[in-house]
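The primary structure of each chain is shown beneath.
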Amino acid sequence: MRQQRRVSNQGRNKRVLLMAAALTLLTVSALPGEDRSSSATTKRVAAVKERLAADYERMETLYKHLHSNPELSLHEAATSARLAQELKAIGFDVTQRVGGYGLVGVLKNGDGPTVMVRTDMDALPVIERTGLPYASKVRKRDKNENEVGVMHACGHDMHMTVWTGTARVLASMKDRWKGTLLFIAQPAEEIGAGARMMLEAGLFKKFPRPDYAFALHCAANLPHGSVAYTEGLAMANVDSVDIIVHGKGGHGAAPHTTIDPVVLAARIVLDLQTLVSREINPIDPAVVTVGSIHGGSKHNIIPNDVHMQLTVRSTKDSVRKHLLDGIRRIAEAAAKGAGAPLPEVKVNPAEFTPALHNDPALTSKTVAVFKEVLGPDKVVSRPPMMGGEDFSRYGRARVPICLFWLGTIDPKRVAEAEKDPARPLPSLHSDLFAPVPEPTIKTGVLAMSVAVLHVLGK
Ligand code: ZN
Ligand code: ZN
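Residues numbered from 1 in each chain as written. Chains lettered and ligands numbered in written order. Predicted model: local features only at pLDDT ≥ 70, side-chain atom pairs only at ≥ 80, totals over all residues.

Enquirer: Explain the nonpolar core to me, and be specific about the residues and the numbers.
Expert: Formed by 90 residues in total, the largest nonpolar core has its most connected members in V115, F183, I184, F214, L403, M448 and V452. Per-element tally for this core: the top contributor is helix α12 (residues 437–456), with 11 residues. V245, V288, I327 and A335 belong to the second-largest nonpolar core, a separate cluster that totals 23 residues. (Core = buried A, V, L, I, M, F, W, Y, C linked by C-beta atoms within 7 Å. Buried ≥ 20, exposed ≤ 12 C-beta atoms within 10 Å, placed from the backbone. Helix = DSSP H or I, 4+ residues; strand = E, 2+ residues; numbered from the N terminus.)

Enquirer: Give me helix α7 (residues 261–279): which residues, what numbers.
Expert: Taking 1.5 Å as the rise per residue, α7 with 19 residues should run 27 Å; its terminal C-alpha atoms sit 26 Å apart, in good agreement. By the burial criterion, the buried members of α7 are P261, L264, A265, I268, L272 and V276. Projected down its long axis, α7 carries its buried residues within an arc of 120 degrees, all on one side. In α7, the exposed residues that point more than 90 degrees away from the buried face are L270, Q273, T274, S277 and R278. (Expected span 1.5 Å × (residues − 1). Arc of directions from axis to C-beta.)

Enquirer: Let's hear about the sheet that holds strand β8 (residues 227–229): which residues, and what values?
Expert: On the basis of which strands lie adjacent, the open sheet formed by 8 strands has the order β1-β2-β6-β3-β7-β18-β8-β17 and mixed pairing. Edge positions in the sheet fall to β1 (93–95) and β17 (379–381), since each has one partner strand and no second. Here the strands of the sheet are splayed against their neighbours by 25 degrees on average, with no regard to which way each runs. Examined bridge by bridge, β8 and strand β18 (residues 401–409) share 2 bridges and lie antiparallel to one another. (Pairing = 2+ DSSP bridges. Axes fitted to C-alpha atoms, helices over the stretch in contact; angles between N-to-C directions.)

Enquirer: Describe the packing of α7 against helix α8 (residues 317–337), with residues and values.
Expert: In contact at an axis separation of 9 Å, α7 and α8 are set at 145 degrees when each is read in the N-to-C sense. Here the hand of the crossing between α7 and α8 comes out right-handed. Each of L264, R267, I268, D271, L272, L275 and E279 in α7 lies in contact with α8, whose residues at this interface are H322, L323, G326, I327, I330, A331, A334 and A335. (Left-handed = near helix turned anticlockwise from the far one by under 90°. Contact = placed C-beta atoms within 7 Å.)

Enquirer: Which residues make up α12, and what values go with them?
Expert: Helix length check: α12, at 20 residues, gives a terminal C-alpha distance of 28 Å against a target of 28 Å (1.5 Å per residue), a fit within 8%. For α12, the tally of buried residues reaches 18 of 20 residues, placing the bulk of the element in the interior.

Enquirer: Tell me about the domain arrangement of the chain, and name the residues and values.
Expert: For the chain, the domain assignment lists domain 1 (34–231 + 355–456) and domain 2 (237–351). A separation of 37 Å is found between the C-alpha centroids of domain 1 and domain 2. Domain 1 puts 6 residues into the contact, and the matching count from domain 2 is 8 residues. Partitioning the side of domain 1 that touches domain 2 into residue classes produces 4 nonpolar, 2 polar and no charged. (Domains from an automatic or database assignment. Nonpolar A, V, L, I, M, F, W, Y, C, P; charged D, E, K, R; others polar.)

Enquirer: If you had to explain the environment of A220 to someone new, which residues and values would you point to?
Expert: Here A220 is to be found in strand β7 (residues 212–223). As for A220 and G407, which are separated by 187 residues in sequence, their C-alpha atoms are 7.1 Å apart. Not counting residues within four places of it along the chain, the set of residues in contact with A220 comprises T408, I409, L425, P426, S427, L428 and F433.

In structure tokens:
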């Protein structure tokens, strides 16, 4: 009985196996694309995770090194040299000084699409207060000769680590993809100049022109292990405007003998508030912020000039033009009203960052892979925001782009902050912003590698 039963069990097992094999064949022939891609994704993920685990120590060491040694925009000499060394070591063909300290690495691996992965390299003039053992202690003089701290407060050190890690993973699994990798490290993102500089230096002419481009950015309010995305319009047009309000200086006790530029500047600040609230269609997002105002040196002196610095945000080119024209009109009208000389209104074209539009097709395809790999609850959609990112310029050069957000913060801490508004999370650019290295690096490299493999994979 026992024997017989065992035989019949074996028979049943064989039948089950045969049926499973037949079902697999059926599924493959019925839905070739979907099934193949799904099983291919599973295999790719396993391969990526294996290489990631083997290489992780090295990635964390690089992250801490970059975090402790930040460099300001346009000064990324040591950072780009280090990244060049990392890419050369794994077989990339590396070109340095492509637009400032811009760096381009190319890895060809047969016929197939060209995929660009971009990192930025620059840090911010911020004195770090995280108290981390690898916190930056760097001090530098800014262009006005003031001493400033330097900190990777926007997470560009994390972007570089993930970029390098992804390059290592992909270079070590060339049997699983075909095409060309174009890994670029961009300078001066924080001043909105780096992408333009690299494009003007011939990025898309001297090197293979990408069919797709990816980037990621740290998110300061998203749990590690998660990513977020925005399809279509994701970030705003950003302009920097300087206004020099001219008056006529004199004694503070004799205002009638002067034209007071402080009062005039105050009027301009208030008049500017009506630009967004009364002139722009409320359906169109717009921001005019006077972030800096400086004038005078002493209680009893009316100065000659006041200097104002504005950030101006919009999502449409027509709204952008209305805001920039309106700022000039309002400042000049206020000066005329006060009998003052015309103010100087300078829009700095070098610091313009165009709105960022994520290519809908590339983004939805990438998001579908992320959901499969990280889990649907770890991939969240985000509304557009009024921040700026010059990764948009590659999109304006007609390359389909996709920039996604990478979670960096302990999920418990994120939950606490959501419950208790008195304990908000430090934002990007804060002197307390501190991504948790291991889960952030691992999720970043996994997500970026599968995003690239999905468009290049065999
Ligand atoms: Zn930033
Ligand atoms: Zn940034």
